Amino acid sequence: MTAPDDSAVRNADRLRADMVRALLDQDAITSESVTAAFAAVPRHRFAPEAPLDLVYDLHSTVPVKKDAHGLDTSVMSAAHLQGVMLEQAGIRPGMNVLEIGSGGYNAALIQELVGGAGEVTTVDIDRDVIDRARRCLDDAGYGQVKTVLADGESGAADGAPYDRIIVTAAAWDIAPAWISGLAGEGRLVVPLTVRGTTRSIAFDRDGESLLGRSYRLARFVPMQGQGAAKEERTVLLRDGVVVQSDDDRVRLNAPALNRALDTPRLLRWSQAAYDLPDELELYLTLNLPSTARLHASRNIVDSGLVEASTLLGVPALVSEDSIAYRTRRENDDTGGFESGVVAHGPQAEALARQYVELLQTWAHHHRRRGAAEIRYLPGPAQGALPRGMVPKRHGVVAVTWH
Ligand SMILES: C[S@@+](CC[C@H](N)C(=O)[O-])C[C@H]1O[C@@H](n2cnc3c(N)ncnc32)[C@H](O)[C@@H]1O
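What you see is a predicted model; the values in this text were computed from it and never measured. (Residues numbered from 1 in each chain as written. Predicted model: local features only at pLDDT ≥ 70, side-chain atom pairs only at ≥ 80, totals over all residues. Heavy atoms only, no water.)

S.K.: With reference to specific residues and values, describe the overall build of the chain.
M.R.: When you go through the chain residue by residue, the secondary structure sums to eleven helices and 19 strands. Its C-alpha atoms give the chain a radius of gyration of 23 Å, near enough to 21 Å, the size a compact globule of 402 residues would have. Principal axes of the C-alpha set define a box for the chain whose edges measure 70 × 55 × 45 Å. Counting every position in the chain, which comprises 402 residues, the buried fraction comes to 54%. For the chain, contacts bridging at least 24 residues in sequence account for 59% of all contacts bridging at least 6. (Helix = DSSP H or I, 4+ residues; strand = E, 2+ residues; numbered from the N terminus. Rg over C-alpha atoms; globule rule 2.2 N^0.38 Å. Buried < 20%, exposed > 50% of the residue type's maximum accessible area, 1.4 Å probe, protein only. Contact = heavy atoms within 4.5 Å.)

Now the structure itself:
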């Protein structure tokens, strides 16, 4: 007769093998080394209290800790995202790697990648999380991973310089200690929030600045401590409709924008293709002259007040009393979609025209994957920044399109 423990282990092994196959099928992982790491580390040993099917679901996070409002402050990240970020990091045997934001599992994957000659340090700001990570790492046989309780904003100077630094909480800016803690040829992989959207960006050192090699949409719990985001403003227009901006030059006049939504909608089609939404969104948020994000709830969308593009948040062009945002419709000729603009308020016509021009420019000149080059320039912003440049606390994000 088989002991229950044996069958549970076989079940977990089978689910892990399925997960690795699915990660490969979905191109989240592509290299032999990352594939071998995912096959080797028993993911369920880092979430012993969670059901196996949740633990091994590619796109699910596993809750670890919540705040007083029930919001996650720590989760085991989804395997799909971990795979993407480890591929971005390009970790090789013998490297010295720092992970900021802990849990144990990702650190164990990194330990597999660096091997016996490499070193892994993982830092978390939360004592419960780091203690739990320590227990899970020891239990799963990864006692050599160093765990540190600290605010990762200061890096972990004792172990520097690092060949790779991987941040696993959404960062509003790049801490100076992450750059100074990188080795000369080092790489920083960080989920960086720019104009309200978070992308995992792999940055290589390029002299004093950082040059982004790749960028992928990512969702993460927010960074706490010194580096926590404080700049994001969220303004309620009415129940179920908010606008957000982290650009202090953008005035969000809630009563006037709310009144605008009650004026008749102006709809303008661009005759330009709509696809690659993450690429288009990056272009729009960095090139719209006065930009915010418009979010609406499902019942507001169902009422017909705003389009479905607002459900996940859509780049909006705002003025004192008017607002314009992107929509789309099926294109019968091509079988794809065409982008368009909905605008409300006294300046609807002018805002819609500006927005449509950007949709056309993107579609005609930049509509492909990886068209943007993202740089991080440390140091204070000098004077008024041109479009494509976003001031941060410790530097400037500069995006150009080819
Ligand atoms: C998504 S979880 C990390 C997941 C983990 N890497 C894994 O193996 O799945 C994000 C973690 O970042 C931590 N964190 C948030 N702000 C931090 C900071 N300033 N310094 C260090 N850790 C931080 C949170 O406590 C949380 O545990």
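So, next bit.
S.K.: Outline the site of the ligand, listing residues and values.
M.R.: Taken together, 26 residues lie near the ligand, and Ser 74, Asp 124, Asp 151, Gly 152 and Gln 224 sit nearest. One nitrogen or oxygen atom from the side chain of Gln 82 is found 3.1 Å from an oxygen atom belonging to the ligand. Measuring from a nitrogen atom of the ligand, one finds a side-chain N or O atom of Asp 151 at 2.8 Å. Relative to its unbound accessible area of 610 Å², the ligand is 100% covered by the protein chains. Where the shell around the ligand is concerned, the elements lending two or more residues are β2 (72-76), α5 (105-114) and β4 (119-124). The residue makeup of the shell around the ligand, split by class, is ten nonpolar, twelve polar and four charged. (Near = heavy atom within 4 Å. Polar contact = N/O pair within 3.5 Å; in protein donor to acceptor, adjacent residues only side chain to side chain. Areas by Shrake-Rupley, 256 points an atom, 1.4 Å probe, with all protein chains shown as cover. Nonpolar A, V, L, I, M, F, W, Y, C, P; charged D, E, K, R; others polar.)

S.K.: Can you tell me about the environment of Val 390, naming the residues and giving the values?
M.R.: Inspection of the secondary structure assignment puts Val 390 in strand β18 (residues 389-391). Since its relative accessible area comes to 2%, Val 390 is described here as buried. In the structure, Val 390 is positioned 135 residues away from Pro 255 in sequence and 27 Å away in space, judged by C-alpha atoms. Apart from residues no more than four positions distant in its own chain, Val 390 is found in contact with Val 194, Arg 195, Leu 286, Leu 385, Gly 395, Val 396 and Val 397.

S.K.: Explain the side chain of Arg 187 residue by residue, including any values.
M.R.: Along the chain, Arg 187 turns up in strand β7 (residues 182-194). Among the polar contacts listed, one links the side chain of Arg 187 to the backbone oxygen of Ala 89, at a separation of 3.4 Å. What Arg 187 contacts, discounting residues up to four positions off in sequence, is Gln 88, Ala 89, Gly 90, Asp 163, Arg 164, Ile 165, Leu 182, Ala 202, Phe 203, Asp 204 and Arg 213.

S.K.: Describe the sheet that holds β4, naming the residues involved and giving the relevant values.
M.R.: With respect to topology, ten strands assemble into an open sheet ordered β5-β4-β3-β6-β7-β8-β9-β17-β19-β18, the strand pairing being mixed. A single partner strand is all that each edge strand has here, and the edge strands are β5 (146-149) and β18. Strand-to-strand twist across the sheet, computed as the mean angle between neighbouring axes with direction ignored, equals 20°. Two elements, β18 and strand β19 (residues 395-401), share three bridges in a ladder whose sense is antiparallel. Bridging from a neighbouring strand, Met 389 pairs with Ala 398 of β19. (Pairing = 2+ DSSP bridges. Axes fitted to C-alpha atoms, helices over the stretch in contact; angles between N-to-C directions.)

S.K.: Can you break down the pattern of salt bridges residue by residue, with the values?
M.R.: All chains considered together, the criterion is met by 28 salt bridges. With a closest N to O distance of 2.9 Å, Asp 72 and Lys 66 form a salt bridge. Here Asp 72 falls in the partly exposed class, since its relative accessible area comes to 30%. A residue is classified by how much of its surface remains accessible, and Lys 66, at 45% relative accessible area, is partly exposed. When the shortest N-O distance is used, the salt bridge between Arg 265 and Glu 307 registers 2.5 Å. In this pair, Arg 265 sits in the loop between α8 (254-261) and β12 (266-274) while Glu 307 sits in the loop between α10 (298-302) and β14 (314-318), placing the two residues 42 residues apart along the sequence. (Salt bridge = Lys/Arg side-chain N within 4 Å of Asp/Glu carboxyl O.)

S.K.: Could you give an account of the environment of Ile 110, naming the residues involved and the relevant values?
M.R.: Within the secondary structure, Ile 110 sits in helix α5. Sequence separation between Ile 110 and Glu 99 is eleven residues, and the spatial gap between their C-alpha atoms is 8.9 Å.

S.K.: Describe unusual backbone geometry, and please don't skip the residues or the numbers.
M.R.: The amide bond that connects Ala 160 to the next residue, Pro 161, takes the cis arrangement and shows omega of 0°. Not every positive phi belongs to a glycine, and Arg 195 is a case in point at roughly 50°. Checked against the element boundaries, Arg 195 lands in the loop between β7 and β8 (197-206).

S.K.: Before we move on, can you summarise the nonpolar core with the specific residues and values?
M.R.: Ile 165, Ile 174, Trp 178, Leu 188 and Phe 203 are the most contacted members of the largest nonpolar core, which has 53 residues in total. Considering each element in turn, this core owes the most residues, nine residues, to helix α11 (residues 348-366). Leaving out residues up to four positions away in the same chain, Phe 203 has contacts with Ile 174, Gly 186, Arg 187, Leu 188, Val 190, Leu 192, Leu 210, Leu 211, Gly 212, Ile 374, Arg 375 and Tyr 376. Counting residues in each nonpolar core, the second largest holds 47 residues, with Ala 50, Met 85, Ile 166 and Val 189 among its members. (Core = buried A, V, L, I, M, F, W, Y, C linked by side-chain atoms within 4.5 Å.)

S.K.: Got a sec to walk through the domain arrangement of the chain? Specific residues and values, please.
M.R.: We note that the domain assignment places domain 1 (4-223) and domain 2 (233-366) within the chain. The straight-line distance from the C-alpha centre of domain 1 to that of domain 2 is 35 Å. With eight residues of domain 1 in contact, the opposing surface of domain 2 contributes eleven residues. It is Arg 195, Arg 199 and Tyr 215 in domain 1 that bury the most area against domain 2; as a group they hold 65% of the surface buried on that side. For the pair domain 1 and domain 2, the number of links is two salt bridges. The shortest N-O distance in the salt bridge between Arg 195 and Asp 246 comes to 2.8 Å. Our count for the domain 1 to domain 2 interface comes out at seven residue pairs in polar contact (both at pLDDT 80 or more). At the level of secondary structure, the elements contributing two or more residues to the side of domain 1 that touches domain 2 comprise β8 and β9 (209-217). Looking at side-chain class alone, the side of domain 1 that touches domain 2 contains four nonpolar, two polar and two charged residues. (Domains from an automatic or database assignment. Buried area = accessible area lost by both parts, 1.4 Å probe.)

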